[in-house]
Amino acid sequence: MKRITGLLLVVLALGGIVLAQNALLINGAGASFPNPIYSKWFDEFHKANSSIQINYQSVGSGAGIKQATDGTVDFGASDGPMSDEQLKAYSDKHGSNLLHFPTVLGAVVPTYTIPSVSASLNFTPEALAGIFLGKITKWNDPAIAGPNKDVKLPAEDIVVVHRSDGSGTTYVFTDYLSKVSDEWKNKVSKGTSVNWPVGLGAKGNEGVTGLVKQTPNSIGYVELIYAAKNNVSYGAVKNSSGVFLKADLAGVSEAAAGAAKEMPDDFRVSITNAPGKKAYPISSFTWLLIPAKFSDTAKRDAMKHFLKWAITDGQKDAEELAYARLPKEVVAKELKAIDSIQ
Amino acid sequence: MVPGASPSAGSRSFISRLRSGDEIARIVTFLFASSVVLVTLLLVLQLWHDSSLPRHKFGLNFFATRVWDPIAEQFGALPFIYGTIVTAAVALLIAVPLGIGAAIFLAELAPQKISDTLQFFIDLLAAVPSVIYGVLGIFIVVPIMRQYIQPALKHSLGLLPFFQGPAYGIGFLTAGIVLAIMVIPYIISVSREVLLSVPRDQREAALALGSTRWESTWKVVVPFARTGIMGSIFLAMARALGETMAVTMVIGNAPIISASLLSPGYSIAAVIANELTEAANIVHFQSLVELGLVLFLLTFILNGLARLMMVLTTQKGSGMGHV
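(A) Looking closely at the overall build of chain A. Broken down by element type, chain A carries 13 helices and 12 strands. For the C-alpha atoms alone, the extent of chain A along its principal axes is close to 95 × 40 × 35 Å. Every one of the 342 residues in chain A was classed for burial, and the buried ones make up 49%. The contacts of chain A with a sequence gap of at least 6 include a subset with a gap of at least 24, amounting to 71%.

Okay, here's the thing in structure tokens:
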């Protein structure tokens with residue numbers, strides 16, 4: 001009899017362990033740019049809510065959209081908003097919509113190495129578009145020299161470096177160039193991979209940073225955090241109000257606040273070249289892509305819980321990881337939208 | 001039934017062979033062996049199936065056009081095919097003489113101890129992951145190329161179309177050199193083994209006929225081992241064609257077709273690795289899959305050609321007897 005009781009206790013204990021481990025598992029995939037903060041969020045959220053475990057694979061925005069559409073993950077994530085076509089593909093397949101929720105913001109900066117110049121450079125939108133179109137080929141071109149009167153720029157060829165891998169960074173940068181240059185819009189347009197008119201391709205933010213650092217007279221574009229961490233020079237960019245601004249988190253949030261007033265209901269908004277004197281022009285939201293309708297109510301509630309937490313309490317983690325916080329207006333609007341998830 | 005019954009099977013019944021275990025071993029190993037063919041077939045089928053859109057949209061133009069524009073949905077494979085072949089060719093041009101020369105030294109001329117010690121290091125080199133070679137390439141080879149070798153090439157041979165344009169440090173030549181460094185250990189390792197396995201009496205016969213040491217090596221041992229040496233070159237070629245990580249780090253990733261080896265370029269494996277994860281557009285995605293199919297075909301064709309060449313030269317040279 002004693003043995004049976006013992007056995008029963010063991011079975012009960014094992015069952016308890018299995019139950020405890022049987023936390024609600026939610027899978028997501030997508031953008032790699034917000035991966036550091038998402039990992040931190042999912043980890044912190046799991047610590048506070050041990051019954052919910054969220055897994056995130058940072059496979060890239062394109063793959064995130066694809067997996068969310070195929071239904072192989074519970075949610076996706078992207079650095080660029082989905083196109084109408086992509087959204088239609090989702091609703092055709094699932095009979096409901098996929099919603100965009102901005103989580104944090106980031107910025108892209110022009111980074112360069114000119115051995116004879118140590119001062120920080122100012123770039124006009126025309127100069128940036130001209131350089132990346134291959135029309136401005138020398139550093140002492142009047143378009144670059146104009147706003148840099150105090151700097152003696154060399155008569156050297158510009159070596160353009162861009163991302164070779166498909167990337168949200170490229171999306172933001174080409175989105176900006178499309179807004180400030182009609183020629184760019186018609187010839188190249190915006191996307192995670194584009195047909196670059198000139199330049200060398202390097203893989204990842206670290207690849208571009210590395211190549212720009214070691215190639216004399218080169219220019220590239222990277223996430224703000226990479227330029228800041230790796231000690232490469234990055235320039236100020238003229239914003240839509242005509243002010244030259246060096247990227248910082250305040251400038252990025254300012255760009256978002258400017259856009260917040262006209263935020264569309266689906267949150268698909270580009271904030272490059274945003275209005276406002278203090279708005280840094282090459283800024284962008286990054287989005288979580290959440291189904292409007294969940295078949296599993298437990299997952300739905302957990303997801304809503306997480307979203308609300310991330311855009312309110314979770315924002316405190318942003319600066320430390322070099323992301324800019326969401327403006328208050330956007331948070332308020334998102335909280336309403338979260339309630340509509342069924 | 002499994003085809004090709006073993007000759008030792010004799011007149012024993014299937015059941016008794018099954019009982020003794022011979023038949024079981026034969027079936028199991030046959031299944032293992034056939035899985036290789038199966039995987040290859042499935043791979044081609046999957047690549048074929050997943051590339052239907054661009055195959056119908058572009059047809060043979062896919063191989064002939066050079067625009068790669070994911071936004072306008074225009075995809076042409078030519079610059080990538082060109083880059084893949086050029087970098088592999090540069091790599092083999094450097095690696096084959098170096099590798100075979102080193103193998104001859106190790107197998108024929110070096111004292112046993114030195115040969116074994118060097119072989120140990122060569123095997124180590126062959127086991128280094130390719131991303132390490134890429135890092136080495138970008139931080140050591142690229143700066144040296146940009147500052148010294150490319151300017152020197154432009155200065156001395158700048159009239160040739162192969163050495164024109166700005167010296168970026170990265171490009172076809174650099175990718176070829178890094179690939180050469182990666183494949184040399186394969187050539188040395190396999191060639192050395194083959195040379196060592198040449199029967200001793202072949203050498204002794206040559207020496208007895210009055211050959212010098214070098215004559216016996218070059219005219220008897222190397223021709224005897226030719227098939228194996230060619231095998232090592234195939235292996236090197238296959239590796240060079242498909243190498244992804246190291247190439248993408250030093251080739252410049254620009255779909256350019258240029259006679260100049262100093263120009264940046266792009267290879268098939270590199271563009272797949274770069275763009276697949278972010279290819280949200282279905283035609284873009286499938287075009288990348290079709291590139292995979294092209295790489296498969298390219299490897300297949302080049303290997304076939306190399307084998308054909310080997311068969312032809314062996315017949316012409318009437319086997320091993322050159323002396």
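(B) Representation of the overall build of chain B within the structure. Within chain B, the regular secondary structure consists of 14 helices and 2 strands. A principal-axis box enclosing the C-alpha atoms of chain B has dimensions of 70 × 60 × 35 Å. Out of the 323 residues in chain B, the part that is buried amounts to 39%.

(C) Up close: helix α13 (residues 268-275) of chain B. Of all 8 residues in α13 of chain B, 6 are buried; the element is thus mostly enclosed. Looking at α13 of chain B, one finds that the buried residues are Ile-268, Ala-269, Ala-270, Val-271, Asn-274 and Glu-275 of chain B.

(D) Quick look at the sheet that holds strand β10 (residues 236-238) of chain A. Residue and element names in this part refer to chain A. The 3 strands lie next to each other as β5-β10-β11, forming an open sheet whose pairing is mixed. Bordering the open sheet on either side are β5 (122-123) and β11 (244-245), each of which pairs with just one other strand. Where β10 meets β11, 2 bridges bridge the pair, whose relative direction is antiparallel. Across the sheet, the residue bridging to Lys-238 is Phe-244, located in β11.

(E) Representation of the nonpolar core. Within the largest apolar cluster, 176 residues are counted, with the highest numbers of intra-cluster contacts made by Ala-256 of chain A together with Val-178, Leu-179, Val-183, Ile-187 and Val-250 of chain B. Filtering out sequence-adjacent residues up to four positions away, Val-183 of chain B remains in contact with Ala-91, Ala-95, Ala-236, Arg-239 and Ala-240 of chain B.

(F) Structural context of the interface of chain A and chain B. Every contact between the two is made by 28 residues of chain A and, on the other side, 23 residues of chain B. Counting residues per element, the ones that place at least two in the side of chain A that touches chain B are α3 (61-70), β7 (200-202) and α9 (204-214) of chain A. At 5 residues, α3 of chain A tops the list of elements feeding residues into the side of chain A that touches chain B. Tallied by class, residues from the side of chain A that touches chain B come to 7 nonpolar, 17 polar and 4 charged.

(G) View of the confidence of the model for chain B. Residues and elements named next belong to chain B. On average, chain B scores 88 in pLDDT, and the residues at 70 or more come to 93%. Helix α1 (residues 14-20) is the least confidently modelled element of chain B, averaging 77 in pLDDT, while helix α5 (residues 78-109) averages 95, the highest of any element. When the criterion is pLDDT under 50, residues 316-323 qualifies, and its contacts beyond four places in sequence or with other chains add up to 11 contacts. Scored by ipTM, the complex comes to 0.78, with pTM at 0.82.

(H) Geometry of helix α12 (residues 297-311) of chain A. Residues and elements named next belong to chain A. For α12, built from 15 residues, the straight-helix expectation of 21 Å at 1.5 Å per residue is met to within 8% by its first-to-last C-alpha distance of 21 Å. When α12 is considered as a whole, its buried residues turn out to be Ala-302, Met-303, Phe-306, Leu-307, Ala-310 and Ile-311. When α12 is viewed along its axis, its buried side chains cluster within an angular range of 145° and face the same direction. Opposite the buried face of α12, by more than 90 degrees, sit the exposed residues Thr-297 and Ala-298.

(I) Just the packing of helix α7 (residues 130-157) of chain B against helix α8 (residues 172-196) of chain B, in detail. Residues and elements named next belong to chain B. Running from N to C, α7 and α8 cross one another at 135°; their axes reach a closest spacing of 10 Å. In this view, α7 runs oblique relative to α8, as classed from their interaxial angle. The two elements α7 and α8 meet at a crossing, and its hand is right-handed. Contacts from Ser-130, Tyr-133, Gly-137, Val-141, Val-142 and Met-145 in α7 reach Thr-174, Ile-177, Val-178, Ile-181 and Met-182 in α8. Class assignment of the residues belonging to the contact of α7 with α8 gives a composition of 8 nonpolar, 3 polar and no charged.

(J) Region of interest: the packing of α12 of chain A against helix α13 (residues 328-339) of chain A. Residue and element names in this part refer to chain A. Two numbers describe how α12 lies on α13: the axes approach to 10 Å, and their chain directions differ by 175°. Comparing the axis directions of α12 and α13 gives the class roughly antiparallel. Two secondary-structure elements touch here, α12 through Lys-304, Leu-307, Lys-308 and Ile-311 and α13 through Val-331, Glu-334, Leu-335 and Ile-338. For the contact of α12 with α13, the class distribution of residues is 5 nonpolar, no polar and 3 charged.

(K) Region of the structure containing the pairing of strand β12 (residues 283-291) of chain A. Residue and element names in this part refer to chain A. By the criterion of burial, β12 is predominantly enclosed, with 9 of the 9 residues buried. Neither face of β12 is exposed, since Ser-283, Phe-285, Trp-287, Leu-289 and Pro-291 on one face and Ser-284, Thr-286, Leu-288 and Ile-290 on the opposite face are all buried. Pairing of strand β3 (residues 75-78) with β12 involves 3 bridges; the strand directions are antiparallel. The partner of Ala-77 across the bridge, within β12, is Leu-288. As judged from the 9 bridges shared by strand β4 (residues 98-113) and β12, these two strands associate in the antiparallel manner.

(L) Examining the pairing of β4 of chain A more closely. Residues and elements named next belong to chain A. Across the 16 residues that make up β4, a large majority, 15, are buried. As judged from the 6 bridges shared by β4 and strand β8 (residues 218-223), these two strands associate in the antiparallel manner. Note on β8: the bridge partner recorded for Thr-113 is Ser-218. Where β4 lies against strand β9 (residues 233-234), 2 bridges are found, and the strand directions are antiparallel. Counted as the bridge partner of Tyr-112 is Ser-233 from β9.

(M) Inspection of the environment of Ile-268 of chain B at higher detail. Residue and element names in this part refer to chain B. Mapped onto the fold, Ile-268 is located in helix α13. A tally of 28 C-beta atoms within 10 Å means that Ile-268 is categorised as buried. As a C-alpha pair, Ile-268 and Leu-291 span 23 residues in sequence and 6.4 Å in three-dimensional space. Filtering out sequence-adjacent residues up to four positions away, Ile-268 remains in contact with Phe-80, Ile-81, Thr-84, Leu-291, Val-294 and Leu-295.

(N) The arrangement of the environment of Tyr-280 of chain A in detail. Residue and element names in this part refer to chain A. Within the secondary structure, Tyr-280 sits in the loop between α11 (249-260) and β12. A tally of 31 C-beta atoms within 10 Å means that Tyr-280 is categorised as buried. Residues Tyr-280 and Thr-103, 177 residues apart in the sequence, show an inter-C-alpha distance of 18 Å. In contact with Tyr-280, other than residues within four places in its own chain, are Ala-107, Asn-239, Leu-245, Ala-247, Gly-251, Val-252 and Ala-255.

Parameters and conventions
Residues numbered from 1 in each chain as written. Chains lettered and ligands numbered in written order. Predicted model: local features only at pLDDT ≥ 70, side-chain atom pairs only at ≥ 80, totals over all residues. Helix = DSSP H or I, 4+ residues; strand = E, 2+ residues; numbered from the N terminus. Buried ≥ 20, exposed ≤ 12 C-beta atoms within 10 Å, placed from the backbone. Contact = placed C-beta atoms within 7 Å. Pairing = 2+ DSSP bridges. Core = buried A, V, L, I, M, F, W, Y, C linked by C-beta atoms within 7 Å. Nonpolar A, V, L, I, M, F, W, Y, C, P; charged D, E, K, R; others polar. pLDDT = per-residue confidence, 0-100. Expected span 1.5 Å × (residues − 1). Arc of directions from axis to C-beta. Axes fitted to C-alpha atoms, helices over the stretch in contact; angles between N-to-C directions. Parallel < 35°, antiparallel > 145°, perpendicular 65-115°, else oblique. Left-handed = near helix turned anticlockwise from the far one by under 90°.

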